[in-house]
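Read off the chains here:
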Amino acid sequence: MPDTPDYSWPAAEKRRVIGKRTSRVDGYAKSSGQAKYAYDTQRPGLLYGAVLGCPHAHARVTSIDASAAQKSKA
């Protein structure tokens, strides 16, 4: 049987990250709302999509009216 890896924690005096304070460079920007996320990006010609769920369990979709979506395509 191969040797099993040692998953024990290092001694407290040898730990560099565990139990230590870490400063977050982006902390202020995120908490103040100044940070930019991928969701905030709006590119010209960006394609949007939506997922529509059916309120009826095990129902069969027989037709879809996409006329409103096709009108807004312009």
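Cut-off values and rules
- Chains are numbered independently. Their residues run from 1 in the order of the written sequence.
- It should be noted that, the model being predicted, local features are given only for residues of pLDDT at least 70 and side-chain atom pairs only at 80 or more, the latter also being counted only at that level, while totals for whole chains, interfaces and linings use all residues.
- Think of the side-chain values as coming from all heavy atoms in the structure, minus any hydrogens and water.
- Note on conventions: DSSP H or I runs of at least 4 residues are helices, E runs of at least 2 residues are strands, and numbering of each starts at the N terminus.
- Remark: exposure states derive from per-residue accessible area (1.4 Å probe, protein chains only) relative to the maximum for the residue type, with buried under 20%, exposed over 50%, and partly exposed in between.
- When charges are counted, Lys and Arg are positive and Asp and Glu negative, with His and the chain ends excluded.
- To locate a charge, the coordinates of NZ of Lys, CZ of Arg, CG of Asp or CD of Glu are taken.
- By definition here, a salt bridge exists when the distance from a side-chain nitrogen of Lys or Arg to a carboxyl oxygen of Asp or Glu is within 4 Å.

Caption draft 1: Broad picture of the overall build of the chain. Helix and strand counts for the chain stand at 2 helices and 0 strands. The dimensions of the chain, computed from C-alpha atoms along their principal axes, are 65 × 45 × 25 Å. Counting only residues that meet the buried cut, the chain has 1% of its 74 residues in that class. The distance from the centre of the 12 positive side-chain charges to the centre of the 6 negative ones in the chain is 9 Å.

Caption draft 2: How the structure looks around unusual backbone geometry. Located in the positive-phi region is H58, a residue other than glycine, with phi close to 60°. Along the chain, H58 falls in the loop between α1 (27-32) and α2 (67-71). The exposure class of H58 is exposed, given its relative accessible area of 87%.

Caption draft 3: Layout of the pattern of salt bridges. The final tally for this structure, using the stated rule, is 2 salt bridges. Note that R24 is salt-bridged to D26, the shortest N-O span being 3.5 Å. Given a relative accessible area of 29%, D26 falls into the partly exposed group. One salt bridge in this structure joins K30 and D26, with 3.0 Å as the shortest N-O distance. Residue K30 is classed as partly exposed on the basis of its relative accessible area of 39%. Taken together, the shared-partner salt bridges connect R24, D26 and K30 into one network.

Caption draft 4: Structural view of the environment of A12. On the secondary structure map, A12 appears in the segment before α1. Separated by 10 residues in the primary sequence, A12 and P2 have C-alpha atoms spaced 29 Å apart.

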